[in-house]
Structure formats: structure tokens, C-alpha cells
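Fold and contact review
Letter by letter, the chains look like this.
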Amino acid sequence: MGGESHQMYESPPAPLAIETRGLTRLFDGKPAVAGIDLRVPAGAFYGFLGPNGAGKSTTMKMLTGLLRPSSGASRVLGVDLARDGLSVKGRIGVVPDGLALFERLSGGEMLRIQGQLYGLDRKVAAGRAEELLAAMELSAEGGKLVQDYSHGMKKKLALACALIHGPELLFLDEPFEGIDAVAVSGIRRMLQDLVVRRSLTIFLTSHVLEVVERLVTHVGIIHHGQLIAQGSLAEVRATGSLEETFIRLVSEERPVGPGLSWLGSRADAE
Amino acid sequence: MTGELRALAELRGRLLWRRFTARGGIAEGVATVVLLLIAVPVGLGFAVAIGMGAYQAVKSAGGLRSDVGASAIFFGIWQTWTAVSLTLNDRDGLDLRRFLLFPVRPGRVYAMGLATGIVGDPVALVWGAMLAGVFVGAAVARPGAWLAILAVVLLAFAMATVVLVALVQEVLSAVLSTRRSREWAMIASVGVSMAILALLAWSGERPVRAAADALPYLRILQWAAWPAAFSAGAARALFAGRSAESLPWVVGLCGTTLAAGWLSFRIALALAQGSGATGEGGAAAPSRVGSGWRGGAWGALLEKEARYLFRQPLARVDLLLAPVIMVFVALQLEPRIPVEAGEVVRALPLFGAALYAHLLLQAFWLNGFGWERGGARAFFLSPVDLGAVLRAKAAVLYGFSLFLFLLSAAVMLLLGKGTPPRWAFAAAVVLHAGTAPWLYAAGNMVSILRPKAASFAIQRSSALSTLSGLIGMGIVSAVTMLFALPALLATRVDSPTVLLAGWSVLGLAGALGLRFAIPRQARLLAERRDEFLPVVCGDEAA
């Protein structure tokens, strides 16, 4: 299916926000990502899906400069990452796996300093920080150290940090993990607005397929480090739902054996 | 041993084994062996000396010699043991919070953590050797059944000391569990230190005598050191041959140990059960974005580093430690240097203060990224030159170190005999500035090649790996020797000009070296990010 999707993109030469060729990362000689060719159109809301350990976060780390590829090339916003990574960094926003927050700064300080690190004037950064804190419903907690935030609050702050410099491309690694339903709904609306009205490109990984299906315009599915499907949402899911397609593509036939028979028999254990 | 205790013991053993078999573990193992090679002979040396002391105390069988001997042995060992444990040991072996989910009694887990605290600490070998020295010395002096009681006293003393250290740590954790309480405690500590300094300064030229006059009123404080006080009481009776008289002391020692252990456990349990997902909690604070520092990204880097450093418990402790140590130097060491030793030699305490300001902060220049955690990713994600990050770290650390040095110098000036000549101050400032680039250039390499995810604690062992600590000792020794060369020459010719010129040249060379090194170190950091980030961010045990 991956091969088919490549052909699909060859006919209409749309500008690409992300393009990789044979992107590979080996850990102890074993491939975590095995030569993938990603093509993310500019302005797309791209959902990058895969089971645990498939290579999603490793791919995202390579695309954002947190991890060196073992081989292959990648262009982000038209710039070769290996040649001019620094100029790309100023144009992208990232919420990585494990977040990138200085926990001994207050939420407000973290946001403003992040803005300044991305080249914003300190007053502009302070103004945007206030606005983002309000948008994330964190204004009341802005003076609190990040270490005192709950996991969901940290996620929201990390998203605010990724947005403060007005990036053209946003990388989000599991943005909905550990966030309550109300916050998920708010963030989802904000992300949709960013894509539709501000022409932002979003590259998102998530396990929550139901949410992804409602958000994304394009999908890539990675399994065992290989890109097994890529294209628009309609092309990839074909006739079924995204969840059905995903399960069909990544599930492996596993016979249900007689194991675990002891489960539910507490008396035997005692 | 029950099944769950066996599992806990195996867990502890495997964690220890993994430390040495993980990436870089062999180097850590070698460093630990080197430390043990230093610690064991030192411990044996002290053990022999203490054994001889115990021998003489038993032989005198009562009287002043026996009483003083018993007190000196137990208070001496207790004081060093407690001080070293509180400074070095962060008791990260068995965290009660992790075990609350398991069907294991928390009390058992805690008791095991305390018991293994004795054998799990390499420095404990020194204390063990000393206590063995006491036993052997006493046994040689007067063999007999009374030695069984002495053995119980020694074992109980060891356990009591471990329990007291744990109690102090738990109380500190409980009292300083919120940022506000930590800040108040810090202010109170500064206030007490300043009050002591003021009292000493007020007492004029006889501060030591004034302190000695106050001693009888301070005797009650010995009960704060109850492991030593009870053990010394028991030992005094035993050394004098009055075994029966020692029993109330032994019962008291065991009783207080059990009570302190129980109290310590209850506090630890309350802390473990009280901590939620939001960390230390705290009331919601209004948004304080602030206007920030001038200077764009560079100003932001400086601001971040400064805020981080001043929010470090370790840095705040250093802020207290530097002047307090200088009080002792000014009152005890400085007056003992004879006038005829020459101007250069008389200025040595001031030069020592300049170097000590760097030494106090060595955890920060040897593990510069150790406290960043996930924030370290921000350096690699943002469009900031990593060289600027290294420069900002060095600039802020140097500013703090300079402040510590000036604070120390002010204390020496306030309490010391006579004012050192102006050139000595100038030379000390040059020494402080000149050694910094050498230390920071070498420290950057250790920070990049041997990072460790450090905890925000006052214990230094949590800030550096054993190997980094050893390398740090090497770096400090080498730089000190380098800067000692002009000092030796200046002492020989008694010429301050030689000293100033020599240190200025070395300092300039160091500054040029650091300027040359930082871009290369930044490239090394970028190249090593795959190994560096998982360790610093805490994704992988260091």
C-alpha cells in the first residue's frame, strides 16, 4: 500500500511540508525505522499512526532534530535537515514525547523564555504567553512552577510553548494522552482552527484513533519501522473506519491458546 | 526470610548490579573500586587509632581518661558519620512510594531500606572498621563477658545513627515539602547564620572564649546527638568495669532507636501517601509571566540559567556554607599564620576562599545539564546555538561563584585579624577569574560525556556519578597545581607582582582556551544527543 500511495503523490505535485527518503534509524544494529519515504503535503493535518514500538516517536525525533538518522534524507519545509537544521527549528513547533519543559520555571516564565529562545522580542513573548495561558485555561496557574502541574496541565503548557512563535509546522507526539475529555475537545478545536484558518501543517501521532479520524486529512501508518500505508484519509481507510483499517493492517494472527487459565481463580493461587 | 523480603533483597541486588552493567557502568565500577581503595586504608588507619584509644580508656578503668575516651570515640564517630551521610547519601535505593501498590507491609520495606543503608553505603566500611577497632582495642585491654554487651552497644549505635540520619532526612522532606516552606527555611537559616556571625563579631577579639563560656549552657544539646550520648554513657560504665550500670543506657539506646525509627517511618509513609500526581502541589498562583531579561535569546538563556541556579537547594546551601566555613578560617586558621611568613603566605586563606567558591559549585560545572530533565530537549528543538547555551551556563555559574567568593572574603575581612593588603584582594579576584575558564572547559567535557539526571536535593552524591566525582577531583588538583606554580615562585621571592602577573597570564590562557573549546564542545554535544538526551531527560537510568 505504501508503494501505491507514492504513485498517488506523483501525479499532482503539491508542495510538501515534510519529505523523507529512506529515513532509517538503527538501535544496536536493529532498525527502529526502516527506510521510510514520508510525504506530508503543506497545510495537511497528518496523522502518523502505529502500534506501540512501531517507530512513530523515533521518526518524529529524527524529523525535529532530537535524534540523528542512521541513513536517509529528510526535508522539512523545503530545507534539508542535515544541512540547515537550525533555520528549520525556528519555523516548527514541537511537543515531543516526554515533553520539553524546564520544570523549575513557572508556567509563565517557561512560555516567555521559550518565545525569546525562538527570537521573539521579550515584550511580544510576554504578551503572547499571557494569551496562550488564557487560551489553555492556565492563567490561574501561570505563577506556579511547572513541576507542580498535573500531567494534563503540562501537556497543555507544552502545546502553548510549541505555538508561541507562530510555527508553520507543528509536530505533536501523543498530544491527547493523559488529558481529560474537556481539554481534548478544546485542543481539538484549536488544532482544527490552526489548520483551516491559519494554514498550519500538523504532524500528529496518537493512539486515540477515534479522535484522529475526526481531525486528520492525511494518514500514514507505520508498523515494525516500515510505512505500510500513506495517503489522504479517504484513500487509506477506503470503505471502513480508520480503526478497522488500522487493525486490519497492523494486527498479526495470534492463536488464542490455553494460557492464562489461572486468571480469575484466586483460590488456586492461595 | 519470607518470599516478599527475598524479592526485595533481589530487587536491591539487581539494581546495584545493573548500575555496573549498564552503559558506562564498568567505568563507574572502576571508580567505586578506586574510592574503596582510598576509603579502606583510611578507615583501617582510623580504626587502629580508635582501637588504641579504646584500649587506653579500658586500661584506665574509670576516671577522667576513661570518661573522655568513651565520649570522644562515640561523639567523634557519630559526628562524622552523620555529617557524611547527610551530605552524600540520598537514600534512593528503596522508595516507599513505589511499594505502596504491592501487598508488602510498608514497615518491612522501610526497615529493610534502613538496614541495607548500612551495607549499601561504601563509606560505611570506614565506620564499620572504626567500631571494630573499638571492640578489638577493648577486648585486648580486658577480655571477658562484658564484651558481649559492648558488641550490642556498638551494633545499636550503628543502627541508631542510621535511623537518626533517616529521621532528619524525613523531617526535612516533610518540613520543606513545598516551595514556600523551603524558602522560609532558607531565610531562617540565613538569619541564624547572620546572627551567629554578628554575635561573634560583637564579642570582639575573644570570640572563641565567648563561645567556650556559653558551652555549659549548651550541654543540653548533647541529647540531640542521642546515639552518641547513650552509647558513650554505656561505654563509660563498661570501660570502668561496671557492666550493670551500662544496662539502662543500652535499654535507652535501643528504645530511642526504635522510637525514632517508628517516627521516621510514619513521616515517610505520610509523605508517600500524601504525594499525588501533581508533585508537591501548592495553591494556584496568578499568572506571572514577567517582562524578562534584555538581550533576546541570550538574555532568555541567562535568565533561565539564573532562575534555575537560584532555585537549587544545593546552591542555596552553598550560599550558607561558604560564609560559615570562612568564619572558622578567619577565627582559627588566619591568626595562626605568623607575620614573618611573608605577605604571600598570609594571603593564602583569601586565595583558598577564591578556589573554594569554585569547589563548592563543582556539581554544577561537572554536570551542567543534570537538572534540565525534559527541558534539555528544548535546547535541541529551539533555534539556539548550543555554544550559546554553554556560554550562558558558564556566565551565570561564574557570577554566582564570584558572589560566593566576595561573601567569603567579606566574612574574613569582618572577623579576621587585620586587613589583608589591597594586592591580595586583587590577586584573589584574578585567581578566582583565572581558574574559572580552566575548570569550566574541563567541566563541559564531563557534563557532555558523563551526564547524570540529578535530583533537586542537597545531597551532592545525587548530582554526580562516582566517576565524574573522581574526574572532578583530578581537574581541581591539576588546576590548583598549575596556579600553585606562580604562587611558589612568588613565595620564594616574596613578590606579589610575580603572583599577579603569573595568574593573569594563566587566566588569559584559560579564557582563550575556553573560547576555543566551546564551539567544539557544542558540536560534540549535538553529535552525542542520541546518548545524551535519554540520560539527562531521565528516560534512562544514568
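Anyway, here's the lowdown on the structure attached to this text. Quick caveat: nothing in here was measured; it's all calculated off a predicted structure. (Residues numbered from 1 in each chain as written. Chains lettered and ligands numbered in written order. Predicted model: local features only at pLDDT ≥ 70, side-chain atom pairs only at ≥ 80, totals over all residues. Heavy atoms only, no water.)

1. Here's the deal with the interface of chain A and chain B
Taken together, the contact pairs 45 residues of chain A with 47 residues of chain B. When residues of chain A are sorted by the area they lose upon contact with chain B, Phe 102, Arg 104 and Leu 117 of chain A head the list and together hold 20% of the total. Where chain A touches chain B, the interface holds five salt bridges. Arg 25 of chain A serves as the salt-bridge partner of Asp 530 of chain B, at 2.4 Å between the closest nitrogen and oxygen. Put simply, the parts of the chain that give the side of chain A that touches chain B at least two residues each are helix H3 (81–89), helix H4 (107–117) and helix H5 (122–135) of chain A. Class assignment for the residues of the side of chain A that touches chain B results in 19 nonpolar, 13 polar and 13 charged. (Contact = heavy atoms within 4.5 Å. Buried area = accessible area lost by both parts, 1.4 Å probe. Salt bridge = Lys/Arg side-chain N within 4 Å of Asp/Glu carboxyl O. Helix = DSSP H or I, 4+ residues; strand = E, 2+ residues; numbered from the N terminus. Nonpolar A, V, L, I, M, F, W, Y, C, P; charged D, E, K, R; others polar.)

2. As for H5 of chain A
All names here are of chain A. The terminal C-alpha atoms of H5 lie 20 Å apart, and with 14 residues this matches the ideal 20 Å at 1.5 Å per residue to within 8%. Summarising the contacts, the buried residues of H5 are in contact with H4 and helix H6 (151–163). The N-cap residue of H5 is Asp 121: its side-chain oxygen and the backbone nitrogen of Lys 123 are 3.0 Å apart. Just downstream of H5 lies Glu 137, where phi reads positive at about 60°. (Expected span 1.5 Å × (residues − 1). Polar contact = N/O pair within 3.5 Å; in protein donor to acceptor, adjacent residues only side chain to side chain.)

3. Describing the layout of surface pockets
Which parts of space are left empty comes out when a probe the size of a water molecule is rolled across the atoms. Each pocket or cavity is described by its volume, and for the second largest pocket that value is around 670 Å³. If you trace the second largest pocket, you find 26 residues lining it, with Leu 81, Gly 85 and Lys 89 of chain A together with Ala 526 and Arg 529 of chain B closest to the centre. Contributions of two or more residues to the lining of the second largest pocket are made by strand E5 (71–76) and H3 of chain A together with helix H17 (375–381) and helix H21 (496–527) of chain B. Per-element tally for the lining of the second largest pocket: the top contributor is H3 of chain A, with seven residues. The class makeup of the residues in the lining of the second largest pocket is 13 nonpolar, four polar and nine charged. (1 Å grid on protein atoms, 1.4 Å probe; cavity = no way out; pocket = protein on both sides within 12 Å on 5 of 7 lines; lining within 4 Å. Points joined across faces, edges and corners; volume = space filled by probe spheres on them.)

4. Regarding the packing of helix H20 (residues 466–493) of chain B against H21 of chain B
Axes are the key here: two packed helices are described by the angle between their axes and the distance separating the axes. Residues and elements named next belong to chain B. For the pair H20 and H21, the least separation of the axes is 8 Å and the interaxial angle reads 165°. Relative to H21, H20 is oriented roughly antiparallel. Note that H20 runs across H21; the crossing there is right-handed. Judged by residue contacts, Leu 482, Phe 483, Pro 486, Ala 487, Leu 489, Ala 490 and Val 493 of H20 engage Val 498, Leu 499, Gly 502, Trp 503, Leu 506 and Gly 507 from H21. Class assignment for the residues of the contact of H20 with H21 results in 11 nonpolar, two polar and no charged. (Axes fitted to C-alpha atoms, helices over the stretch in contact; angles between N-to-C directions. Parallel < 35°, antiparallel > 145°, perpendicular 65-115°, else oblique. Left-handed = near helix turned anticlockwise from the far one by under 90°.)

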